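What follows is each chain in one-letter form.
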Amino acid sequence: MPMIDVYSATGTFSDKHALAKDLAAAVMRWEQVPPISLFSKNTAAFIHDLPPDSLSNVDGDSNYVRVQVPTPVGVLDRDKQLGVVRELTDIVAAAAGDPTLKDRTWVLITESPEGGWGINGHAYTGADIAAAARKELAGT
């Protein structure tokens, strides 16, 4: 149940809501979780606009995008990591209307430690998430 953060210069994206929805849906697909409310309601993306003078590379360029994807430990094997990075990069570039943005988009996958996810005042372990998913799938 990742919370995706996208950081870019103000004006990079014209439809931030659609971008956020597309990124969240892509990560859910790559995590291969069932399309139940436990996951669809708790997988979200946040688009953060930064003044152009608040980011820079060594050369002074401020036209970069950083996408951070915290995810539970072990959910993304190497093939899924490669797929997530590729697809999120493609989504970002398409949303900006700039195919060259792929060269300037960083995607960082961070594995959260066991029990490092919390919602509704509870820090969930992998077993807690699996039990909640089984319960929802069973309709109880």
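Residues numbered from 1 in each chain as written. Predicted model: local features only at pLDDT ≥ 70, side-chain atom pairs only at ≥ 80, totals over all residues. Heavy atoms only, no water.

1. Here's the deal with the overall build of the chain
In terms of helices and strands, the chain carries four helices and six strands. Element order for the chain, N to C, with α for helix and β for strand: β-α-α-β-β-α-β-β-β-α. Its C-alpha atoms put the chain at 55 × 30 × 25 Å along the principal axes. Put simply, the chain has 140 residues, and 33% of those count as buried. Counted over contacts in the chain with a minimum sequence separation of 6, partners at least 24 positions apart contribute 77%. Just so you have it, the chain exposes about 8000 Å², and 54% of that area is on carbon and sulfur atoms. When the 12 positive and 18 negative side-chain charges of the chain are each reduced to one mean point, those points stand 6 Å apart. (Helix = DSSP H or I, 4+ residues; strand = E, 2+ residues; numbered from the N terminus. Buried < 20%, exposed > 50% of the residue type's maximum accessible area, 1.4 Å probe, protein only. Contact = heavy atoms within 4.5 Å. Areas by Shrake-Rupley, 256 points an atom, 1.4 Å probe, with all protein chains shown as cover. Lys, Arg positive; Asp, Glu negative; His and termini not counted. Charge placed at Lys NZ, Arg CZ, Asp CG, Glu CD.)

2. Observations regarding the side chain of Lys80
Structurally, the position occupied by Lys80 is in helix H3 (residues 78–96). We note that Lys80 is buried and unpaired, the nearest opposite charge coming from Asp77 at a distance of 5.1 Å. Among all residues touching Lys80, those that are not within four sequence positions of it are Trp30, Glu31, Gln32 and Val75. (Salt bridge = Lys/Arg side-chain N within 4 Å of Asp/Glu carboxyl O.)

3. Section: unusual backbone geometry
A positive phi angle, close to 55°, is found at Gln32, a residue other than glycine. Topologically, Gln32 is positioned in the loop between helix H1 (16–31) and helix H2 (37–40).

4. What about the environment of Asp22?
Along the chain, the position of Asp22 falls in helix H1. Through-space distance from the C-alpha of Asp22 to that of Ala95 is 9.5 Å; in sequence the pair is 73 residues apart.

5. Looking at the packing of aromatic side chains
Taken as a whole and assessed by the stated rule, the structure comprises zero aromatic pairs. Directly above the ring of Tyr7 sits Arg66, whose terminal nitrogen or CZ lies 4.7 Å from the centroid. (Phe/Tyr/Trp six-rings, centres within 6.5 Å; stacked < 30°, edge-to-face > 60°. Lys NZ or Arg CZ within 6 Å of the ring centre and 35° of its normal.)

6. Let's talk about the side chain of Thr43
One can find Thr43 in the loop between H2 and strand E2 (44–50). Among the polar contacts made by the side chain of Thr43, one reaches the main-chain carbonyl oxygen of Phe39 at a distance of 2.8 Å. (Polar contact = N/O pair within 3.5 Å; in protein donor to acceptor, adjacent residues only side chain to side chain.)

7. Brief notes about the layout of surface pockets
Regions of empty space are outlined by a rolling probe, equal in size to a water molecule, passed over the atoms. Estimates place the volume of the second largest pocket at around 150 Å³. As for the second largest pocket, its lining consists of Tyr7, Ser8, Leu50, Leu55, Ser56, Asn57, Asp61, Tyr64, Val65, Arg66 and Trp106. Taken together, the elements giving at least two residues each to the lining of the second largest pocket come down to strand E1 (3–9) and strand E3 (65–72). A breakdown of the residues in the lining of the second largest pocket according to their chemical character gives six nonpolar, three polar and two charged. (1 Å grid on protein atoms, 1.4 Å probe; cavity = no way out; pocket = protein on both sides within 12 Å on 5 of 7 lines; lining within 4 Å. Points joined across faces, edges and corners; volume = space filled by probe spheres on them. Nonpolar A, V, L, I, M, F, W, Y, C, P; charged D, E, K, R; others polar.)

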